[in-house]
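So you can see what is in the structure, the chains are spelled out below.
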Amino acid sequence: MALRLPVAAIRPLRPLRSLGLAKPCAQQARWLATPVYPVTQGSSQGPTAMVFLNMGGPSTVDEVGDFLSRLFADADLIPLGRLQSYLGPLISKRRTPKIQKQYAAIGGGSPIRKWSEHQCAEMCKILDEISPATAPHKPYVAFRYANPLTEQTYRQMLADGFGGGRGGRAVAFTQYPQYSCSTTGSSLNELWKWRQRLEGKAGPLDDGSDGTIKWSVIDRWPVHDGLVEAFAQNIEAKLMEYPEERRDKVVLLFSAHSLPMTVVNRGDPYPAEVGATVHAVMNRLKHVNPYRLCWQSQVGPQPWLGPQASSTVEDYIAKGQKDLLLIPIAFTSDHIETLFELDEEIIGESGHGDTVKRVESLNGSPVFIQALADLAKSHLGSGIACSTQMGLRCPGCKSERCTESKKFFASQQL
Ligand SMILES: C=CC1=C(C)c2cc3[nH]c(cc4nc(cc5[nH]c(cc1n2)c(C)c5CCC(=O)O)C(CCC(=O)O)=C4C)c(C)c3C=C
Ligand code: FES
Ligand SMILES: [Fe+2]
């Protein structure tokens, strides 16, 4: 049950301007309209900040330039060495018009913010019911390349009464089910950076703690039963659109965002974890249909992990296999890779839009949102700061950021 606090527990927010925030975004505006709970109030352990980490996407076509410039400035995603600050802006500027057209074609922006805010808020409502010891759960979204950015969200959490000498617990919950150092790793490095900048070393307080936010991390969940169930139900629903006599022979084409081979060979865990999700979903579907895993959205001229989704579809059609069902398996809501690349480019240009189809993304799936809540509940009750896997760096990793941020998150005492 959500905890109702007395009006006396409501305290005024610090003015946003003093936190470096000029104008409240939608997420902040909603928080401004709701009471702020001092972190010492609430149930035995709550309140708990639930922070969804993801890359984000431009909500409007005008935001594409800023989105791409942040993306190409990220050395964890696109390492350009000493030339990063010179080449990053150059490449992003050149790429902007092409990508703006793609966002215009999918309705003028990425739906990822809408879905992330919805999923996080709905998950927190369920958590208040099923995990009363850590209630109330307060939803936050922290994006790597688009608003609300990690810095903005961290400042908002401080304004809401977490950390800053007052302690409190927060869970960094990656919305990439499979861990890659280029995605979840980058978001955690960014979170750690703002943690150092905005909180530093606060305490010690009387209770021996330093009064900063205690962070724990849900860093991967590739084979969580609820996730697998949500994917499986969406696949089954789409398979029903094929005539019964052909249904079991439809080839299931799982498609995940590719990685450059340099990242794969560095030892990134993502390809194996994507494979694990695919296998778990196929087990749940009892292996009735044949399937393959392919990879999409490669950028630039260097070698990427294949086979590519586009050539896979073409090759199967050329072999006479026209019943193909594409399944985006590494992202939990729609984005240009599903709405533009899969729907418009791959399916649209296949010439077989009636037999080549795509499974719905998880978006607002209640099964998926329940899975998020179940996963968060077991994490909250586990006393674990992050997975054992997260403590291990890639064999080829040379990044100081990875060393420091992993050390920080793995050493959190809950
Ligand atoms: C699990 C998902 C993703 C992985 C892994 C990933 C790795 C990765 N991506 C790039 C470069 C770009 N990605 C871009 C957009 C983009 N990437 C993902 C997901 C993953 N990326 C998504 C969902 C999106 C679209 C966001 C949206 O629409 O909401 C882009 C920008 C678009 C473009 O210019 O084509 C780039 C660039 C690299 C280099 C990489 C691995 C190292
Ligand atoms: S690149 Fe994987 S741990 Fe640093
Ligand atoms: Fe990407």
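Residues numbered from 1 in each chain as written. Chains lettered and ligands numbered in written order. Predicted model: local features only at pLDDT ≥ 70, side-chain atom pairs only at ≥ 80, totals over all residues. Heavy atoms only, no water.

Looking at an unreviewed UniProt entry, one finds the protein chain named Ferrochelatase and attributed to Staphylotrichum tortipilum. In the Catalytic activity (unreviewed entry) part of its UniProt record, the protein chain is described as follows: "heme b + 2 H(+) = protoporphyrin IX + Fe(2+)". As stated in UniProt under Pathway (unreviewed entry), the record for the protein chain gives "Porphyrin-containing compound metabolism; protoheme biosynthesis; protoheme from protoporphyrin-IX: step 1/1." (UniProt positions renumbered as here; feature names shortened; annotations may be inferred.)

Time to look at the sheet that holds strand 6 (residues 291–296). The strand order across the open sheet built from 4 strands is 6-5-7-8, with neighbouring strands paired in parallel fashion. Here the strands that pair on one side only, and so sit at the sheet edges, are strand 6 and strand 8 (356–358). If you compare each strand with its neighbour and ignore which way they point, the axes differ by 25° on average. Strand direction decides the pairing type here: strand 5 (residues 251–257) and strand 6, joined by 6 bridges, are parallel. Among the inter-strand pairings, His-257 is bridged to a residue of strand 6, identified as Gln-296. Packing against the sheet, helix 10 (residues 270–284) makes contact with strand 5 and strand 6, and its axis sits at approximately 145° to strand 6. Against the sheet, helix 11 (residues 309–318) makes contact with strand 5, strand 6, strand 7 (324–328) and strand 8, and its axis sits at roughly 140° relative to strand 6, the strand it touches most. (Pairing = 2+ DSSP bridges. Helix = DSSP H or I, 4+ residues; strand = E, 2+ residues; numbered from the N terminus. Axes fitted to C-alpha atoms, helices over the stretch in contact; angles between N-to-C directions. Contact = heavy atoms within 4.5 Å.)

Attention now goes to the site of ligand 1. Around ligand 1 there are 25 residues in total, and Arg-95, Tyr-103, Ser-110, Ile-336 and Glu-337 lie nearest to it. Measuring from an oxygen atom of ligand 1, one finds a side-chain N or O atom of Tyr-103 at 2.6 Å. For ligand 1, the accessible surface in isolation is 800 Å², of which the surrounding protein chains cover 97%. Elements represented by at least two residues in the shell around ligand 1 include exactly helix 2 (64–72), helix 3 (84–105) and helix 12 (336–347). Taken together, the residues of the shell around ligand 1 break down into 17 nonpolar, 6 polar and 2 charged. No fewer than three residues from each of domain 1 (5–75 + 109–221 + 367–410) and domain 2 (225–358) sit in the shell around ligand 1. (Near = heavy atom within 4 Å. Polar contact = N/O pair within 3.5 Å; in protein donor to acceptor, adjacent residues only side chain to side chain. Areas by Shrake-Rupley, 256 points an atom, 1.4 Å probe, with all protein chains shown as cover. Nonpolar A, V, L, I, M, F, W, Y, C, P; charged D, E, K, R; others polar. Domains from an automatic or database assignment.)

The next point concerns the packing of helix 5 (residues 150–159) against helix 6 (residues 184–198). Packed helices, taken two at a time, are described by their axes: the angle between them and the distance between them. For the pair helix 5 and helix 6, the least separation of the axes is 10 Å and the interaxial angle reads 45°. Between helix 5 and helix 6, the angle is such that the two are oblique. Pair helix 5 / helix 6 crosses with right-handed handedness. Where helix 5 abuts helix 6, its residues Thr-150, Glu-151, Tyr-154, Arg-155 and Leu-158 lie against Glu-190, Leu-191, Trp-194, Arg-195 and Leu-198. In terms of residue class, the contact of helix 5 with helix 6 is built from 5 nonpolar, 1 polar and 4 charged. (Parallel < 35°, antiparallel > 145°, perpendicular 65-115°, else oblique. Left-handed = near helix turned anticlockwise from the far one by under 90°.)

Time to look at the pairing of strand 4 (residues 214–218). Burial of strand 4 is extensive: 4 of the 5 residues sit out of reach of the surface. Two strands pair when backbone bridges link them, and strand 3 (residues 169–174) and strand 4 are joined in this way by 5 bridges, in the parallel orientation. Among the inter-strand pairings, Ala-172 is bridged to a residue of strand 4, identified as Val-217. (Buried < 20%, exposed > 50% of the residue type's maximum accessible area, 1.4 Å probe, protein only.)

The strand order across the open sheet formed by 4 strands is 2-1-3-4, and the pairing between neighbours is parallel. Each having just a single partner strand, strand 2 (137–143) and strand 4 make up the two edges of the open sheet. Ignoring strand direction, the axes of neighbouring strands in this sheet form an average angle of 25°. The pairing of strand 1 (residues 48–54) with strand 3 spans 6 bridges and is parallel. Among the inter-strand pairings, Ala-49 is bridged to a residue of strand 3, identified as Ala-170. On the sheet, helix 5 packs against strand 1, strand 2, strand 3 and strand 4 and is oriented at approximately 155° with respect to strand 2.

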